[in-house]
Amino acid sequence: MNIIDRYIIKKYLTTFLFTVGIFIVVIVVFDVSEKLDDFLKNKASMSQVFLQYYAMGSVPFFLNMLTPLINFIAVIFFTSKMADQTEIVPILSGGMSFNRFLRPFMIAATIVFAFTLVSNLYILPYTNKLKVKFENVYVHPHKVNSSKQSTHMQIDSNTYVYIDNFDTKRAVGYNFVMEKFDGNELTEKLMADRVTWDSISNKWRVENYTNRIINGLNEEMLKGESRDTTLDMKPRDFEVYENIFTAMDTKELEERIRKEEIRGTGMMNDLLLEKYKRWINPFSAFILTLMGVSLSSKKVRGGIGLSLGIGIGLSFAYLVFNQFSTMFALKGGLPPLLAVLIPNITFLILGLILLVKAPK
């Protein structure tokens, strides 16, 4: 790297961090003003609000969501400033190609990409868990549904479970039915008034049960007050609060996807969207950097304000496009992988068009 490369990388990263700082202040101010009544009503302490909720939960969540916007604004701002101060023209006139001029921007974008990817895979699941837990207690506890109704679940290739009502707080289910099949033939049917999770033994306890065992033409009926049984399901499989999948670490998410392929409870699109977003969205650092440099590297009569305005508009368009594609995946049948790829591919094409039209 030469002096120009180090200068651009330093400008890129310092402007990015400065923009992050501004957004943190704005996010906290607006979010506190919106949720202050909830904090007071539910008696959240000052340390809980600012240390547990904002510093460890809400701020990382919003920064992750707004990283494309922050990154784009940072690139547009300092590149437009370089163009306005006639720093780019001498660089290109000195024999450096525009593609070579892009190299330090892409090196800096790689740093942002790597940080975002590591954050998505390892840091954000933990901070989101703190955020969701805090919100369910102090922000909107009335929205937390502690019971799940009429749950049908396939827990393996031969076993099906039905629970009429499951209380997630007490880990107790009512009107439990389990059926086991050998091919198309029913071999066992277990019915119980209650099923309770024992966290010590990691087993389920069925109470007031009737167990019907079928072996060809022979049947056996067993009854009892309680017994322990091992099933491939846990109380968290019945949790229904918002943003639950964002609070899962990568291993837990993959395990939930594997189980969902068998169970078919209707959550597969949500799970796959969360998985693909964690891996694909960090690439927006490269796409928006390409767009930002190509768009703002030419000195214009309107100064940096014009380029900055266009950049903010395009970055918001990217975020809105992302939200639309997500809704089409959840409600309209669009494959989750395609829903995550479409906004990035669309803006990559737009970035390449801007690159062709950029000053050479």
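These figures come from a predicted structure and were not determined experimentally.

1. Here's the deal with the overall build of the protein chain
Then, number 1: Broken down by element type, the protein chain carries nine helices and six strands.
Then, number 2: Its C-alpha atoms give the protein chain a radius of gyration of 27 Å, clearly above 21 Å, the size a compact globule of 360 residues would have.
Then, number 3: For the protein chain, the spread of C-alpha atoms along the principal axes amounts to about 90 × 50 × 35 Å.
Then, number 4: Evaluated residue by residue, the protein chain yields a buried proportion of 44% over its 360 residues.

2. Observations regarding the domain arrangement of the protein chain
Then, number 1: The assigned domain composition of the protein chain is domain 1 (3-141 + 270-357) and domain 2 (151-237).
Then, number 2: The C-alpha centroid of domain 2 is placed 47 Å from the C-alpha centroid of domain 1.

3. Brief notes about the pattern of salt bridges
Any two side chains of opposite charge can pair, so long as their charged atoms come close to each other.
Then, number 1: The final tally for this structure, using the stated rule, is 13 salt bridges.
Then, number 2: Between Arg205 and Asp198 there is a salt bridge, with its nearest N and O atoms 3.9 Å apart.
Then, number 3: For Arg205, a relative accessible area of 35% corresponds to the partly exposed category.
Then, number 4: You can call Asp198 partly exposed: its relative accessible area is 21%.
Then, number 5: Here Lys275 makes a salt bridge to Glu254, at a shortest N to O gap of 3.5 Å. Of the two residues, Lys275 is situated in helix 6 (residues 268-280) and Glu254 in helix 5 (residues 250-263); the sequence distance between them amounts to 21 residues.
Then, number 6: In this structure Glu254 comes out as partly exposed when scored by relative accessible area, which is 34%.

4. So, the packing of aromatic side chains
Then, number 1: Considering all chains together, one arrives at 20 aromatic pairs under this definition.
Then, number 2: With centroids separated by 6.0 Å and ring planes inclined at 70°, the aromatic side chains of Phe39 and Phe134 adopt a geometry described as edge-to-face. With a gap of 95 residues between them, Phe39 in helix 1 (residues 3-41) and Phe134 in helix 4 (residues 98-139) connect regions that are remote in the sequence.
Then, number 3: Residue classification places Phe39 among the buried residues on the basis of a relative accessible area of 3%.
Then, number 4: We classify Phe134 as buried; its relative accessible area is 1%.
Then, number 5: Ring pairing ties together the aromatic residues Phe39, Phe50, Tyr53, Tyr54, Phe134 and Tyr138, which thus form one cluster.
Then, number 6: Sitting over the face of the ring of Phe61, Lys131 holds its NZ or CZ atom 4.3 Å from the ring centroid.
Then, number 7: The cationic tip of Arg227 hangs over the ring face of Tyr209; the distance from NZ or CZ to the ring centre is 5.5 Å.

5. Side note on the pairing of strand 2 (residues 159-167)
Then, number 1: Pairing analysis gives eight bridges linking strand 2 to strand 3 (residues 172-182), with the strands arranged antiparallel. Across the sheet, Thr159 pairs through a bridge with Lys180, a residue of strand 3.
Then, number 2: Connecting strand 2 to the next strand, strand 3, in antiparallel fashion are four residues, including Ala171 with a positive phi near 55°.

6. As for helix 5
Then, number 1: When the terminal C-alpha atoms of helix 5 are compared, their 20 Å separation across 14 residues agrees well with the 20 Å that a helix rising 1.5 Å per residue should span.
Then, number 2: Measuring from the side-chain oxygen of the N-cap residue of helix 5 to the backbone nitrogen of Lys251 gives 3.2 Å; that N-cap residue is Asp249.
Then, number 3: One or two steps after helix 5, the chain reaches Gly264, where phi turns positive at roughly 60°.

7. As for the environment of Val356
Then, number 1: By the secondary structure assignment, Val356 is in helix 9 (residues 336-357).
Then, number 2: Looking at Val356, the relative accessible area reads 67%, which means it is exposed.
Then, number 3: Taking the C-alpha atoms as reference, Val356 lies 28 Å from Gln323; in sequence the two are 33 residues apart.

What counts and what doesn't
- Residues numbered from 1 in each chain as written.
- Predicted model: local features only at pLDDT ≥ 70, side-chain atom pairs only at ≥ 80, totals over all residues.
- Heavy atoms only, no water.
- Helix = DSSP H or I, 4+ residues; strand = E, 2+ residues; numbered from the N terminus.
- Rg over C-alpha atoms; globule rule 2.2 N^0.38 Å.
- Buried < 20%, exposed > 50% of the residue type's maximum accessible area, 1.4 Å probe, protein only.
- Domains from an automatic or database assignment.
- Salt bridge = Lys/Arg side-chain N within 4 Å of Asp/Glu carboxyl O.
- Phe/Tyr/Trp six-rings, centres within 6.5 Å; stacked < 30°, edge-to-face > 60°.
- Lys NZ or Arg CZ within 6 Å of the ring centre and 35° of its normal.
- Pairing = 2+ DSSP bridges.
- Expected span 1.5 Å × (residues − 1).
- Polar contact = N/O pair within 3.5 Å; in protein donor to acceptor, adjacent residues only side chain to side chain.

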